[in-house]
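Analysis of the macromolecular model
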Amino acid sequence: VDQFTRESAEEFFRIADLMQPIARRQKVSRVLEGAVLGNLFFEASTRTRVSFGAAFCRLGGSVCDTTGFTFSSMAKGESIYDTSRVMSGYVDAMVIRHPEQGSVAEFARATNIPVVNGGDGAGEHPSQALLDLYTILTEFSRLGKLLDGAHIAMVGDLKYGRTVHSLIKLLALYKGLKFSLISPKGLEMPDYILDQISKHGHVVEPSNELKDMAGADVIYTTRVQKERFAAEELEGYSPQFQVSKAVVDQFCGPDVIIMHPLPRDSREGAHDLSVDLNDDPRLAIFRQTDNGIPVRMAIFAVLLGVEGLVQHSLRDVTW
Ligand code: CP
């Protein structure tokens, strides 16, 4: 997300708005007809993989969709450099998810075709942050609120949760925010991210208690990324960090927006976002996932240089 300024992000969201009739299946467009996407996912994914693929298809392109390490010859020791060079002869753009931080940038350095970071280990998840910011701006517009001056509470695993690493940097482009960064001990937001946003002059308050979300305009919860660290580090993580209806009602008002990048962990003993909020209109998680399609369409349109063609390409659906 370091590539974005506030102005370029908002210009980008105007392109995402153009994509909404296609995302809502009211119009069709084939501006990417003939183009092929390589969707290379070396880690599990539902939303990112399928919504990037669906976004490309809905613009008329085709997708080569792959998951896991065994699909590729990296299982036989092939390097990221060779894999990327080879793929760039086959496809017009790539989306990569990979367990190692920095690996997607390595793919990108090896090729001239566009490479999109679909999540690199505990590093970043920029397309998720873009759709999150798009969702916040849309919800604030509905509520008649401005993002400048807002109070954002981020809750959960802020150390390994890559979505919050990207999102806090995008939000920091706005003015006068207060960030309550609420995490269990040991899972705090990394210093290198805090150092990066410190120049913007926001109020940043790390905390280990849910009560510090009091008065927040946005609660952004995250799953504990158990796949990224040893189980013993989890000691001290307890239901006290679960965002439930009782917690939201105790600390926040009727206009708070409750977000989560998903997946939320629904297994016994997992604590992030309670299902007792499912019917609460403040819960924006499925509005977030829906926004993944127009935002990811906009990413492809910009990267492949067709954003100016979209408006005139729209046709009515015939099905
Ligand atoms: N939010 C997100 O990245 O979800 P997936 O892991 O299902 O792609």
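Here goes a summary of the coordinates provided. What you are looking at is a predicted structure, and each value in this text was computed from that prediction instead of being measured. (Residues numbered from 1 in each chain as written. Predicted model: local features only at pLDDT ≥ 70, side-chain atom pairs only at ≥ 80, totals over all residues. Heavy atoms only, no water.)

Moving on, we get to unusual backbone geometry. Only a minority of non-glycine residues have a phi that is not negative, and only a minority of peptide bonds are not trans. Here the bond from Leu262 into Pro263 is cis, since omega is 5°, no more than 30 degrees from zero. Position of Pro263 among the secondary structure elements: in the loop between strand E10 (257–259) and helix H9 (285–303). Here the phi dihedral of Arg25 falls at roughly 65°; this positive angle occurs in a residue that is not glycine. Tracing the backbone through its elements, the reader meets Arg25 in the loop between helix H1 (6–23) and strand E1 (27–28). Of the residues examined, Arg25 reaches a relative accessible area of 48% and is grouped as partly exposed. In the Ramachandran plot, Leu262 falls in the positive-phi region, its phi being about 65° despite a non-glycine side chain. (Helix = DSSP H or I, 4+ residues; strand = E, 2+ residues; numbered from the N terminus. Buried < 20%, exposed > 50% of the residue type's maximum accessible area, 1.4 Å probe, protein only.)

Counted under the stated rule, the structure contains 19 salt bridges. As a salt-bridge pair, Arg14 and Glu11 come within 3.0 Å of each other at their nearest N and O atoms. In this pair, Arg14 and Glu11 both sit in helix H1, three residues apart, roughly one turn of the helix. By relative accessible area, Arg14 is classed as partly exposed at 49%. (Salt bridge = Lys/Arg side-chain N within 4 Å of Asp/Glu carboxyl O.)

Our focus in this paragraph is the nonpolar core. Counting 61 residues, the largest nonpolar core has Leu147, Met154, Leu171 and Met189 as the members making the most contacts within it. Leu171 has contacts with Leu133, Ile136, Leu147, Ile152, Met154, Leu177, Phe179 and His202, leaving out every residue within four places of it along the chain. Of all hydrophobic cores here, the second largest spans 19 residues; its members include Ala153, Phe241, Leu262 and Leu273. (Core = buried A, V, L, I, M, F, W, Y, C linked by side-chain atoms within 4.5 Å. Contact = heavy atoms within 4.5 Å.)

Here we come to the site of the ligand. Residues in close proximity to the ligand include Ser45, Thr46, Arg47, Thr48, Arg97, His125, Gln128, Pro261, Leu262 and Pro263, which together make up its full environment. In this structure, Arg47 approaches the ligand through a side-chain N or O atom, which is 2.9 Å from an oxygen atom. Interatomic distance of 2.8 Å between a backbone N/O atom of Leu262 and a nitrogen atom of the ligand. Contact with the protein chains covers 92% of the free accessible surface of the ligand, which is 250 Å². Partitioning the shell around the ligand into residue classes produces three nonpolar, five polar and two charged. (Near = heavy atom within 4 Å. Polar contact = N/O pair within 3.5 Å; in protein donor to acceptor, adjacent residues only side chain to side chain. Areas by Shrake-Rupley, 256 points an atom, 1.4 Å probe, with all protein chains shown as cover. Nonpolar A, V, L, I, M, F, W, Y, C, P; charged D, E, K, R; others polar.)

We now examine the packing of helix H5 (residues 126–143) against H9. As a packed pair, H5 and H9 sit with axes 8 Å apart at the nearest point and diverge in direction by 115°. Relative to H9, the crossing made by H5 is right-handed. Residues Ser127, Gln128, Leu130, Leu131, Asp132, Tyr134, Thr135, Glu139 and Arg142 of H5 form the contact with H9, whose own contacting residues are Arg287, Gln288, Asn291, Gly292, Val295, Arg296 and Ile299. Of the residues in the contact of H5 with H9, the class split is five nonpolar, six polar and five charged. (Axes fitted to C-alpha atoms, helices over the stretch in contact; angles between N-to-C directions. Left-handed = near helix turned anticlockwise from the far one by under 90°.)

As a further point, take the pairing of strand E9 (residues 218–221). Both faces of the sheet carry side chains from a regular strand, because those side chains alternate between them. Every second residue of E9 is oriented toward a common face, with Val218 and Tyr220 on one face and Ile219 and Thr221 on the other, all of them buried. The pairing of strand E6 (residues 151–155) with E9 spans four bridges and is classified as parallel. Each residue of the ladder has a partner; that of Ile152, found in E9, is Val218. Looking at chain direction, E9 and E10 are connected through three bridges and run parallel. Within E10, the position partnered with Tyr220 by the bridge is Met259. (Pairing = 2+ DSSP bridges.)

Summed over all chains, the structure comprises seven aromatic pairs. Summarising the aromatic geometry, the rings of Phe13 and Tyr134 are spaced 5.4 Å apart at their centres and angled 50° between planes, so their arrangement reads as tilted. Of this pair, Phe13 sits in helix H1 while Tyr134 sits in helix H5, and the two are 121 residues apart along the sequence. Judged by relative accessible area, which is 4%, Tyr134 ranks as buried. Grouping aromatic residues by their ring pairs yields a cluster made of Phe4, Phe12, Phe13 and Tyr134. Between the NZ or CZ atom of Lys145 and the centre of the ring of Phe140, over which it lies, the distance is 5.5 Å. We note Arg296 situated over the ring of Phe52; from NZ or CZ to the ring centre the distance is 4.7 Å. (Phe/Tyr/Trp six-rings, centres within 6.5 Å; stacked < 30°, edge-to-face > 60°. Lys NZ or Arg CZ within 6 Å of the ring centre and 35° of its normal.)

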